[in-house]
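One letter stands for each residue in the lines below.
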Amino acid sequence: MSVATLIPTRGSAVLPLLRRLRRDRRAVVSLAVLLLIIAASLLAHWISPYSPTAQDVNNMLSPPSQSHWLGTDDLGRDTFTRLLYGASASLYAAFLAVAVAVSLGVPVGMLAGYAGGWIDDVISRVIDTMLSFPAIVLAIGVTGALGIGLTNAMIAVGIVFAPQLARLVRARTLVVRQELYVDAARCFGAPTAHILWRHVLPNAIQPVIVQVALLLAVSLLAEASLSFLGLGIQPPSVSWGAMLARAYLNMELAPEQMYPPGVAILVTALAFNTLGESMRTMLDPTMKRR
Amino acid sequence: MLTQASRALIGRRLLQVVPVVVLATFIVFGLIKLLPGDVAVTLAGENATDQRIAEIRHLYGLDRSFFIQYAGWAWNALHGDLSRSLLSGEPVADEIMRCFPTTLLIVALALVFSLAIGIPLGITAATKPGTWLDGSIMGLASLGVAVPNFWLAMILVATFALTYTIFPATGSVAFSANPAEALRHAILPATALAAGGIAEVARQLRSSLVEILSSQHVRTLHAKGLAPSSILWKHGLKNVSVNLLTVAGLLANRLLAATVVVEAVFAVPGMGNLIVRAAIERDFPVVQGVVFAMVVVVIAINLLVDLLASLLDPRIGRR
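Residues numbered from 1 in each chain as written. Chains lettered and ligands numbered in written order. Predicted model: local features only at pLDDT ≥ 70, side-chain atom pairs only at ≥ 80, totals over all residues.

*Asks:* What is the right way to look at the overall build of chain B in this model?
*Replies:* If you tally the helices and strands in chain B, you get twelve helices and zero strands. Ordering the α and β elements of chain B from the N terminus gives α-α-α-α-α-α-α-α-α-α-α-α. Here the C-alpha coordinates of chain B stretch approximately 85 × 55 × 40 Å along the principal axes. Sequence-distant contacts in chain B: of pairs separated by 6 or more residues, those separated by 24 or more amount to 73%. (Helix = DSSP H or I, 4+ residues; strand = E, 2+ residues; numbered from the N terminus. Contact = placed C-beta atoms within 7 Å.)

Here it is as structure tokens:
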């Protein structure tokens, strides 16, 4: 056996996980639901005959009908169409926040775990402190400072979630850097960046993937919250949270308007969570009993 | 009462909290200060002259260095002065003191609901793992974690306040003025918040109970003929009590954050409405003050949980 086969690489960490997921029925269903929602959001233009901002002034706050499957909002806009277009904004928001959290949290966590010493002490203190901030409150504060808007709001959410990932990656890095193959790479004179990228990251990435799935659900809920509060997406753009804000204003006249976006958020968050839980069970066999 | 050792432990924990609070003030101040966007420009309003912007910058001390600004703010915060709201001119500390009791009542009630309903559900699921009962409780818990709590709040308002006028739809009443009315106003927001809490408590409790109930020492207890109920109460629950305490602490933190959005649905004049309005109007002293106050509350809760845990389990913190 050559040294190369002893050293795990990136491909070996992610692919088996996906392959094994195929055997978990709940994971497959969740993945199918998510793909369906993503497809619907991308094909919104072709699925619906309406524009998300087109007003039907004769049909305001109308109940579900043949021409408007899920009814219309207070400006006479088709709710089903807005649900499709809102999906892309809500999913974009969730992925953006998680991307920010990953690109901040993963390098910082690896640095803390691999460098050790005072660097680790300082980073760990900051992580611990940031974890004691109520997440959405901090996100609201940061959004206020960055300026209102969906992208700013989700960058704020990403900043707030980064410490969770950093702590996870730090813990994994502490384990991985003791491994023989990292020692071997170091002895061959591999630069630190190479060791981190080729050896530490691939072997610390699996718990990160689990956490990413769970964070996508939390970020989706955060988008809905911030847009509902008026700090996220601004009209005339639409997201599921913005639709709920609109439905809230007309709750007495048309309470049924709040169900489509709410159910959409619930189903999507549930799918992300289920996928995350399935992967976690797969990675940690002792979780199976629980 | 307290032994020498526990007193020493409490002292040590209190000392450990100091750097955390200092770091927290630094993060609160830094995050909001270091982000792009010039507060002075915002404050001056549209069409302001450069001179006016410079005046405002000087007036609020925004032209001084970051550390001087931070030191000034932290020194005042230490003395309970969180500066004044840019909008109302009222001291931020006063606004917070006025809003906090409302938020506290809702969060406390939600915590009570979460534990009172989540614990029995978790125990039921853990004692019958793999059954349909376990399956349905855990299924409901998955829904509880994924449901947007402000949407649940809207459904509750539509059902219990608009269709059937059992509870008020909006507002709040001070607990000191009229406890019964205050509770009546807090029940719907607390219920909306508690959905996630119940789910979280049930899941965590089931998870740690199943682990203990399937361990070797519990098998031995079964073998020596101990009744299952006594195993559950004396050995199972006693062992998970520290876990449960930690979960309750984390939950209090999460409820405190989630209440911000739920308050908006009920138009409750609490901390949530205070910070949301301030964030929209870019009233940064209020934003800083509210975030800081909430962090202090969370740190205090964490400290309390730590201390209670070390009293429950003497092994903690004495190594």
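Having seen it, we continue.
*Asks:* Explain the overall build of chain A to me, please; I cannot follow it from the model alone.
*Replies:* The secondary structure content of chain A amounts to twelve helices and zero strands. For chain A, the sequential pattern of α-helices and β-strands runs α-α-α-α-α-α-α-α-α-α-α-α. In terms of principal-axis extent, the alpha carbons of chain A reach across some 75 × 45 × 35 Å. Within chain A, the fraction of its 290 residues that count as buried is 48%. Contacts in chain A between residues at least 24 apart in sequence constitute 69% of all its contacts with a sequence separation of at least 6. (Buried ≥ 20, exposed ≤ 12 C-beta atoms within 10 Å, placed from the backbone.)

*Asks:* Could you clarify how one ought to interpret the interface of chain B and chain A in this entry?
*Replies:* Interface size, as often reported, equals the accessible area lost upon joining of the parts. Counting residues at the interface gives 46 residues for chain B and 43 residues for chain A. If you list the elements that add at least two residues to the side of chain B that touches chain A, you get helix 1 (4-34), helix 6 (132-146), helix 7 (149-163), helix 8 (179-213), helix 10 (228-266), helix 11 (271-281) and helix 12 (284-312) of chain B.

*Asks:* Got a minute to help me understand helix 7 of chain B in this structure?
*Replies:* The periodicity of an α-helix, 3.6 residues per turn, causes residues three or four places apart in sequence to face the same way. The end-to-end C-alpha distance of helix 7 of chain B is 20 Å, a good match for the 21 Å that 15 residues give at a rise of 1.5 Å each. Along its length, helix 7 of chain B reaches its greatest deviation from straightness, about 30°, at Val157 of chain B. Among all positions of helix 7 of chain B, only Asn149, Phe150, Trp151, Leu152, Ala153, Met154, Leu156 and Val157 of chain B are buried. Looking at the buried residues of helix 7 of chain B, the elements they touch are helix 10 (192-228), helix 11 (240-249) and helix 12 (259-283) of chain A together with helix 8 and helix 10 of chain B. (Expected span 1.5 Å × (residues − 1). Bend = angle between axes of the 7 residues up to and from the residue.)

*Asks:* Teacher, can you tell me more about the nonpolar core here?
*Replies:* A general tendency of soluble globular proteins is for nonpolar side chains to be buried together. Ranked by internal contacts, the top residues of the largest apolar core, which has 165 residues, are Ala139 of chain A together with Ile275 and Val290 of chain B. The leading source of residues in this core is helix 10 of chain A, at 20 residues. Residue contributions to this core reach at least three from each of two domains, namely domain 1 (9-78) and domain 2 (92-280) of chain B. Apart from residues no more than four positions distant in its own chain, Ile275 of chain B is found in contact with Val137, Ile140 and Gly141 of chain A together with Val260, Val287 and Val290 of chain B. (Core = buried A, V, L, I, M, F, W, Y, C linked by C-beta atoms within 7 Å. Domains from an automatic or database assignment.)

*Asks:* Quick question: what am I supposed to make of the packing of helix 5 (residues 92-127) of chain B against helix 12 of chain B here?
*Replies:* For any two helices packed against each other, the geometry is given by the interaxial angle and the distance between the axes. Residue and element names in this part refer to chain B. At a minimum axis distance of 10 Å, the contact between helix 5 and helix 12 shows a crossing angle of 50°. Taken together, the axes of helix 5 and helix 12 lie oblique to each other. The handedness of the crossing between helix 5 and helix 12 comes out as right-handed. Across from Val92, Ala93, Glu95 and Ile96 in helix 5, the residues of helix 12 making contact are Pro285, Val286, Gly289, Val290 and Ala293. Grouping the amino acids of the contact of helix 5 with helix 12 by side-chain chemistry returns seven nonpolar, one polar and one charged. (Axes fitted to C-alpha atoms, helices over the stretch in contact; angles between N-to-C directions. Parallel < 35°, antiparallel > 145°, perpendicular 65-115°, else oblique. Left-handed = near helix turned anticlockwise from the far one by under 90°. Nonpolar A, V, L, I, M, F, W, Y, C, P; charged D, E, K, R; others polar.)

*Asks:* Looking at this model, I keep getting lost on the confidence of the model for chain B. Mind explaining?
*Replies:* Reading fine detail from the predicted coordinates is not recommended where pLDDT is low. Residue and element names in this part refer to chain B. Chain-level statistics for chain B give a pLDDT mean of 83 and a share of 92% at 70 or above. Taken element by element, the predicted model of chain B shows its lowest mean pLDDT in helix 2 (residues 39-44) (67) and its highest in helix 5 (92). Across the interface, the model reports ipTM at 0.84; the global pTM reads 0.87. (pLDDT = per-residue confidence, 0-100.)

*Asks:* Explain the environment of His185 of chain B here, please?
*Replies:* All names here are of chain B. Take His185: it is sitting in helix 8. A count of 25 C-beta atoms within 10 Å places His185 in the buried class. The spatial distance from the C-alpha of His185 to the C-alpha of Thr102 is 9.9 Å, given a sequence separation of 83 residues. With residues up to four places along the chain from it excluded, the contact list for His185 reads Pro168, Gly171, Ser172 and Val173.

*Asks:* Looking at this structure, I do not really get the packing of helix 5 (residues 79-115) of chain A against helix 12 of chain A. What am I missing?
*Replies:* Residues and elements named next belong to chain A. It is the contact of helix 5 with helix 12, at a shortest axis distance of 10 Å, that shows an interaxial angle of 30°. By the angle class used here, helix 5 and helix 12 are roughly parallel. The chirality of how helix 5 crosses helix 12 is right-handed. Counting all contacts with helix 5, which are made through Thr79, Leu83, Gly86 and Ala87, the residues of helix 12 involved are Pro260, Pro261 and Ala264.

*Asks:* How should I be thinking about the confidence of the model for chain A in this particular structure?
*Replies:* Residues and elements named next belong to chain A. When pLDDT is averaged along chain A, the result is 84; 92% of the residues meet or exceed 70. Looking at the elements of chain A, mean pLDDT is at its lowest for helix 1 (residues 3-6), recorded as 45, and at its highest for helix 5, recorded as 92. Predicted confidence for residues 1-11 stays below pLDDT 50, and this span has eleven contacts to residues more than four positions away or in other chains.

*Asks:* So what exactly am I meant to see when it comes to the environment of Gly76 of chain A here?
*Replies:* All names here are of chain A. Relative to the assigned elements, Gly76 resides in the loop between helix 4 (44-47) and helix 5. Separated by 203 residues in the primary sequence, Gly76 and Met279 have C-alpha atoms spaced 43 Å apart. Setting aside residues no more than four positions away along its own chain, Gly76 makes contact with Gln55, Asp56, Val57, Asn59 and Met60.

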